[in-house]
Each structure stands twice: as C-alpha cells, then as structure tokens.
Amino acid sequence: MALTDFNDLHKAQGLEAVRTQVMAAIEAGPASNDSSPDESPLAPSDSGGAGEGDALKKALQRYALIHGETKIYDSHQQKVYKQAGMKATIGNELFNAWMKHPNRRTMTWIEVNGQQQKDASNDPLMQIIERFVYIYPTKNAWDRRRQDVVPLEALKAYMPNDYTRWMEHPRRQVIDQDNIVFDPTQQSDTETTINTFTGIPLVPDEKARDQKYRKCKGIFDLLCHLCNQDKDTIDWVVRWLAYPLQNVGAKLDTALLFHSDVHGSGKSLFFGEVMRMIYGRYAAILGQHQLESQYTDWRSRLLYAVFEEVLSRSEKHNQMGTIKHMITGQTQRIERKFVTGWEEANHMNGVFLSNEIQPFPLEPSDRRFLVVWPKGTLSKELQDKVSYELDNGGPAAFYQLLLDYPLADFTKHTKPLDTVARQRVIEFSLPNFEVFFRDWKAGDLDIPFHSCTTRDVYLFYRRWCTETGNRALTETKLITIFSSRLVKARERFKLAGVEHQAMMFVMEDPPENRTKAEHLGGCVAEFRKRAGNVEPD
C-alpha cells in the first residue's frame, strides 16, 4: 500500500513512525526545490496534516506558545488561538511535532501585545484598551463607553478571550482611585483625572427670553400654586432652583420640604417631572428603600434628587443624621454591591415631598429646610397646560428662565425663610420637656420663672404631663436637661424662719437688703403658692 501523507503513515505504522520521518526531514535541511525564504508561512487555512517537507519549518517560524498559557500566537495574522483550534486547523500530527520541537518559540503576553497593530480603530484589542481603565488599588475598572465603574469579574465575563491580554498589555491604562472624580464645576485636571460629569443634557431655549417665556407659563404658574401665590416664597424657591444651574455643581446648604395633606397639589409634577427633564441622568426620584439601604450608589453623580415619603414613622428620628449629611456634607461614601467603595464629592441638592404633617422632626435651631404647605388641589386646566408644555419645549424654556433669573444676594449659604409651615413642623417635633421649658420661660404656665427647688419643678412638670397627655421623663433626666440651661446648686433657704437645704435652680442674684437664704426662701414660697397643690415630698 502506498503511503501518501502523514495520516496514512500514522494509520499504518503509528505516531512514532511519523515523528521519525519529521525529525529526519528537519535534520536533512531544506531540499533544493524548497520555496524561497520570502514565501508566506503556513496559514491556519492551509491543508491540515500536509506532508510537505517545509510544513513544520513554516509552523516554527509562524507560531509561538504563550508563556504560562495553553494558547498559541499566530505572528502572521496577529491573532491568538486555543490549542484545540490549532489542532483542528493544521492537524494533530503537525501540531504535536511543532509542540515537541526543541526550536519551538515561546512568547510572553507583553511580547505578544507589543506586536499588535497600533490602529485602535481596526484592532479589537486596542479598542478594549481605549475603553477600559484599571482603577488602582481596587478590583474595578472604568468603562469610558458606559461612563461607569465595573468590577473586574464583570470585565472578565464580558471579554473572556482578551481579558488576560488587556491586563498584561503595556498600553493598558491605569488611574488612581482618587483621580476618578465627579466634578460638575469642571475644575479638575483633564490630563490626570477622569471626570464622570459630561454636562447637563437639556439645551436651554434661548428664544424663550424673547418670547417672554410663554412656553413655560403653565410650569411657572404651577410653582406659584405650590407656593400659595406668596411672592417671597416664590422668589426664594426660584432662586434656590436657579443657583445650581447658573453655577453648575454648587452644593446648597439648604433643601426644600413641600408637604401637605392635600393630595394632588402638583408637587411631584413640578419637582419630579419638570426639574428631572432639565437634569436628565443627573437627577433621580428616590424613596424610603434607597435611604435605608446599605448600598449608597444611588447617590453617585447626582445633582438633583427628589425624595418622596422617604421616612416611615418608626424611622423618622433614626435617619435624620443621614438626611442632614446629604444636605450639608461635602463628600459622601459610595458603596455598591460587588464593587469596592469610593469617596465622591457631594453635589446633590434635594427636595423632600410628603403628605404627612410631620415628614421628619425639625429642631428649632435647624436652618436647613425651607418648608412650604401647599393649600390647594391642582386644577385640571393647569394640569393639562403643564402636560402640554412638557411635550412642547416647556422644560427647555423654564431652564432658560432659571438661567436668566436674577439671584441678587442669594448664595449657597443663604438661610431659608421662617415660614408658618416650618414653625408648625418644629412645634410638632418638640419633645414635651422642650414645650414645658419654653412655656415656663415665656410665663405661659402657672409657676413663676425664677429660683426654685428642682423637686418642685419636677412635681409640677409631672402634673403638667398628666393634664396634657404627655409621658413624663424621670426626675433625673429632666433635671439634667434643665441644668444645661440653668444654674443648679445645693443651696440653703429660709421658710417661716426655718432654714432648709435642697438642690435648686438659681436664676437671679438676691436684692441688696436681703440675704441669699431669705431671697431663695421667698422664691420657693412664691413658686409653691403659684403651683397650687404641689407639695415637696
């Protein structure tokens, strides 16, 4: 039987006979009728298992095993193949002979990548290198196309065949974690940082100025409706909305709180729909779930946020610290599932909407919120007008109105108006001891606001709690709270010529014609007389 190629030889005499002939051909060197040295090496599409004398020589010139891998680099086509693909292409016999040859080349990934084409528009690997930037020292990368942080594990799943090449490529981009910034002010160094802010998406309608803002008249009327047509409130709210658009990236020290028991007033329509169309991807409507979540990636890269009914009654006090920090904090920690957390500048300005009379507790000294109580339901006529404007250039015209609105002396530190609605929320939020002390000091209780024993004060406070339906604090807690505002000391005082000693709140100096003990005794007697049936134990 005639043996015409290595396949026949392998079937007839086995693999060792093939190896013997191949090695003999190598030692003999090229025959006189070999192809010229300039001839193209063996391509993967050439006949597999071909018995030409120079097939192994061409394979040795063309292919290289990648160091530490089972993959093979094709220097002719500048591609990487798996071993199974190479065997199927050139045949098992030739592949095995090439693998066992002492002159087979080995290359590192760096050497392989160094031979890649430098034209990123045509080379898929270079497109990957331009797209992804490794963030040191994290397990994340920055995706320039998506404008987002992605885990390396996700990147490995996205490009399983090129991930290792990207990681070891000498032209792979690396950036320090601190140099991934969200900077709407556009002040970061473009040479050393990646700014994740790409500009407010909506283009303002410059013609709206000449048209006297007719395209957004309904939108402006809606805002006036929410502010109960009060000119001072309207002016303050418009300036609050305009300032961060005229000064992109400005972080205001204040927030808006619009709450009312009137359903359908139009709060969500204006603050949720109109303003979100201006800010685009840099705006979000959020709820209680986001505020209570351990992950805070919803805060990342926000300029404007609307919080609707974010606190349940049981969480109103627990989450106030988080809300205060969101309003006044300069930076915030961003935590995302499966991604290393990072610190980001806080440029978010917030609006809180609620149908509760007390959306969350406010302290008397808190100056973070402008509080407004819309009184009326939105009319169908105005609602239809706003809906029409939303689809016909109204947001762009309103954006231009905000850009043109005079700010006067309004700054990011301007304190809000002290509205009746704000005082109502504060009053609703006051603990009973605060109400008691305020009314005592103002003279609204039966007892005088002057020196007295701490026990007398507590006994009257306990009776007051019973009459007003409040739950009384313990004596220790109440007196400790009041002693931070009044001078507390153990003093002697005289009653009906008898000297006593007790812990007292001392609020004034005695007159010149009386001793301190006599003065304090007179104060105690007056307090007990005014208190009625209050008697010390």
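Preceding this paragraph is the structure being described.
The model shown is predicted, which means the values in this text are computed figures rather than measured ones. (Residues numbered from 1 in each chain as written. Predicted model: local features only at pLDDT ≥ 70, side-chain atom pairs only at ≥ 80, totals over all residues. Heavy atoms only, no water.)

## Describing the sheet that holds strand E3 (residues 79–82)
Then comes step 1: In spatial order, the strands read E3-E2-E1-E4; together these 4 strands make up an open sheet with mixed pairing. Two strands close off the open sheet at either side, each with one partner strand: E3 and strand E4 (105–107). Each neighbouring strand pair of the sheet contributes to a mean axis angle of 40 degrees, computed without reference to strand direction.
Then comes step 2: With 3 bridges joining them, strand E1 (residues 63–66) and strand E2 (residues 71–74) adopt antiparallel strand pairing. Along E2, the bridge assignment pairs leucine 65 with isoleucine 72.
Then comes step 3: Sitting on the sheet, helix H4 (residues 83–90) is in contact with E1, E2 and E3, with an inclination near 90 degrees to E3. (Pairing = 2+ DSSP bridges. Helix = DSSP H or I, 4+ residues; strand = E, 2+ residues; numbered from the N terminus. Axes fitted to C-alpha atoms, helices over the stretch in contact; angles between N-to-C directions. Contact = heavy atoms within 4.5 Å.)

## Concerning the packing of helix H20 (residues 454–468) against helix H22 (residues 516–531)
Then comes step 1: Where H20 contacts H22, the two axes come as close as 11 Å, and the packing angle between them is 15 degrees. Between H20 and H22, the crossing angle belongs to the class labelled roughly parallel. Handedness of the H20/H22 crossing: left-handed. The residues of H22 that touch H20, namely those facing Asp456, Val457, Phe460 and Arg463, are Val524, Phe527, Arg528 and Ala531.
Then comes step 2: For the contact of H20 with H22, the residue count by class is 5 nonpolar, no polar and 3 charged. (Parallel < 35°, antiparallel > 145°, perpendicular 65-115°, else oblique. Left-handed = near helix turned anticlockwise from the far one by under 90°. Nonpolar A, V, L, I, M, F, W, Y, C, P; charged D, E, K, R; others polar.)

## Describing the pairing of strand E13 (residues 304–308)
Strand residues, when the strand is regular, have side chains that alternate between the two faces of the sheet.
Then comes step 1: Among the 5 residues of E13, 4 are classified as buried, and the element is accordingly described as predominantly covered.
Then comes step 2: Bridge analysis of E13 against strand E16 (residues 349–354) gives 5 bridges, and the strand direction is parallel. Residue pairing in the sheet places tyrosine 304 in a bridge with asparagine 349 of E16. (Buried < 20%, exposed > 50% of the residue type's maximum accessible area, 1.4 Å probe, protein only.)

## Observations concerning the nonpolar core
Then comes step 1: Core analysis: the biggest nonpolar cluster contains 52 residues, and Leu256, Phe258, Phe270, Phe271, Met275, Phe398 and Leu402 have the highest contact counts within it.
Then comes step 2: The element that contributes the greatest number of residues to this core is helix H12 (residues 231–246), accounting for 9 residues.
Then comes step 3: Here leucine 402 is in contact with Val238, Leu241, Ala242, Leu245, Gln246, Met275 and Ile278, once residues within four sequence places are set aside.
Then comes step 4: Counting residues in hydrophobic clusters, the runner-up holds 45 residues, among them Leu302, Ala421, Leu430 and Tyr461. (Core = buried A, V, L, I, M, F, W, Y, C linked by side-chain atoms within 4.5 Å.)

## Concerning the sheet that holds strand E17 (residues 369–372)
Then comes step 1: If you trace the 5 strands from one edge of the open sheet to the other, you get E12-E13-E16-E11-E17, paired in parallel fashion. Two strands close off the open sheet at either side, each with one partner strand: strand E12 (283–286) and E17. Geometrically, the sheet is characterised by an average inter-axis angle of 15 degrees between neighbouring strands, direction not taken into account.
Then comes step 2: Of the pairings in the sheet, the one linking E12 to E13 comprises 4 bridges and is parallel in character. Pairing of leucine 286 across the sheet is with phenylalanine 307, part of E13.
Then comes step 3: In this fold H12 packs onto strand E11 (255–259), E16 and E17, with an angle of close to 135 degrees to the strand it touches most, E11.

## Some details on the pattern of salt bridges
Then comes step 1: Scanning the entire structure with this criterion turns up 26 salt bridges.
Then comes step 2: Of the charged contacts in the structure, one is a salt bridge between lysine 58 and aspartate 54, with a shortest N-O distance of 3.2 Å. In this structure, lysine 58 and aspartate 54 share a single accessibility class: buried.
Then comes step 3: Ionic pairing is found between aspartate 366 and arginine 368, a salt bridge with its closest N-O pair at 3.0 Å.
Then comes step 4: On the accessibility criterion, arginine 368 (22% relative accessible area) is partly exposed.
Then comes step 5: It is possible to trace a salt-bridge network through shared partners that takes in Asp235, Arg239 and Asp409. (Salt bridge = Lys/Arg side-chain N within 4 Å of Asp/Glu carboxyl O.)

## Comments concerning the packing of aromatic side chains
Then comes step 1: Counted according to the given criterion, the structure contains 30 aromatic pairs.
Then comes step 2: Note on tryptophan 236 and phenylalanine 410: the rings are 5.4 Å apart at their centroids and 70 degrees apart in plane angle, and the pair reads as edge-to-face. Of this pair, tryptophan 236 sits in helix H12 while phenylalanine 410 sits in the loop between helix H17 (394–404) and helix H18 (420–429); the two residues are 174 residues apart in sequence, bridging distant segments of the chain. Grouping residues by exposure puts tryptophan 236 and phenylalanine 410 together as buried.
Then comes step 3: Grouped by ring-pair contacts, the aromatic residues Phe436, Phe437, Trp440, Phe449, Tyr458, Phe460, Tyr461, Trp464 and Phe482 constitute a single cluster.
Then comes step 4: Lying over the aromatic face of tryptophan 166, arginine 172 brings its terminal NZ or CZ to 5.7 Å of the ring centre. (Phe/Tyr/Trp six-rings, centres within 6.5 Å; stacked < 30°, edge-to-face > 60°. Lys NZ or Arg CZ within 6 Å of the ring centre and 35° of its normal.)

## Topic: unusual backbone geometry
Then comes step 1: Note the cis peptide between tyrosine 136 and proline 137, where omega equals 0 degrees.
Then comes step 2: Structurally, the position occupied by proline 137 is in the loop between strand E5 (132–136) and strand E6 (140–143).
Then comes step 3: For lysine 212, which is not glycine, the phi dihedral falls at a positive 55 degrees.
Then comes step 4: Here lysine 212 shows up in the loop between helix H10 (207–210) and helix H11 (217–226).
Then comes step 5: Residue class for lysine 212 comes out exposed when judged on its relative accessible area of 70%.
Then comes step 6: For alanine 408, which is not a glycine, the phi torsion comes out positive at approximately 55 degrees.
Then comes step 7: Tracing the chain through its elements places alanine 408 in the loop between H17 and H18.

## Re H22
Then comes step 1: Spanning 16 residues, H22 covers 22 Å between terminal C-alpha atoms, matching the ideal 22 Å at 1.5 Å per step.
Then comes step 2: Those residues of H22 that fall on the buried side of the exposure criterion are Ala517, His519, Leu520, Gly521, Cys523, Val524, Phe527 and Ala531.
Then comes step 3: Where H22 is buried, its residues meet helix H19 (432–442), strand E18 (452–453), H20, strand E19 (487–495) and strand E20 (498–506).
Then comes step 4: Taken from the residues just after H22, glycine 532 is the one with a positive phi, measuring 85 degrees. (Expected span 1.5 Å × (residues − 1).)

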